[in-house]
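What follows is the residue order along each chain.
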Amino acid sequence: MYQKFNVRYRWLFLAKSQQSATSALSDPTDYPLGCLFCVAQGQPYATYEKLDHLMVHIVSKHKTSMMTPEIKAKTKCMVGGVAKADEDWDMSFPSAVQKGAGVAADELMIGLGSSLGGGGRRGEEDWRGQGENI
């Protein structure tokens, strides 16, 4: 399990989201990623440059309070509580993430600013999410 912007996800979520690239990249989180929630909702498919961009989109555009049981099932998304390792999920939004869109987007932008601000060398963290391994 990995965590980014207080959203838990599994490697399989990234694998399902990954789009083809024109050349090999040294960091797998830099590959373009598509939004599975857009696809599940029948919306136009969007591709994002890297994991951080996709996560900002998901948290700001796909409100957990508006997800139908069908969308949650299609995307293997759990909302509320803490997803356990033996449960069937790809992405989990703990109840703490269920905030207003402005608050969540502000927190994500602050998180992005600090994570993009340097300070660490690339390649030192686990490639599967550049997030917290939990």
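All of the points below concern the structure found in this document. (Residues numbered from 1 in each chain as written. Predicted model: local features only at pLDDT ≥ 70, side-chain atom pairs only at ≥ 80, totals over all residues. Heavy atoms only, no water.)

1. Examining the side chain of Thr75
Along the chain, the position of Thr75 falls in helix H4 (residues 69-75). Accessibility expressed as a relative area gives 6% for Thr75, which makes it buried. A polar contact of 2.7 Å, which involves the side chain of Thr75, links it to the backbone oxygen of Ile71. (Helix = DSSP H or I, 4+ residues; strand = E, 2+ residues; numbered from the N terminus. Buried < 20%, exposed > 50% of the residue type's maximum accessible area, 1.4 Å probe, protein only. Polar contact = N/O pair within 3.5 Å; in protein donor to acceptor, adjacent residues only side chain to side chain.)

2. Considering the pattern of salt bridges
Within this structure, the stated rule accounts for 4 salt bridges. Between Asp90 and Lys16 there is a salt bridge, with the nearest N and O atoms lying 2.5 Å from each other. Placement of Asp90 in the loop between strand S5 (77-79) and strand S6 (91-93) and of Lys16 in helix H1 (residues 11-17) is noted, with a sequence separation of 74 residues between them. Among the residues examined, Asp90 registers a relative accessible area of 4% and is labelled buried. Between Lys50 and Asp30 there is a salt bridge, with the nearest N and O atoms lying 3.8 Å from each other. Here Asp30 lies in the loop between H1 and strand S3 (33-34) and Lys50 lies in the loop between strand S4 (47-48) and helix H3 (51-61), a separation of 20 residues in the sequence. (Salt bridge = Lys/Arg side-chain N within 4 Å of Asp/Glu carboxyl O.)

3. What to know about the packing of aromatic side chains
Per the counting criterion, the structure on display carries 3 aromatic pairs. Where Tyr2 meets Tyr9, the ring centres are 6.1 Å apart and the plane angle is 35 degrees; that geometry is what we call tilted. Taken individually, Tyr2 and Tyr9 each receive the classification buried, so the pair is uniform in this respect. Linked through ring pairs, Tyr2, Tyr9 and Phe13 together constitute an aromatic cluster. Sitting over the ring of Phe5, Lys4 keeps its end group 5.6 Å from the ring centre. A cation over a ring is seen here: Arg10 above Trp89, with NZ or CZ 4.3 Å from the ring centre. (Phe/Tyr/Trp six-rings, centres within 6.5 Å; stacked < 30°, edge-to-face > 60°. Lys NZ or Arg CZ within 6 Å of the ring centre and 35° of its normal.)

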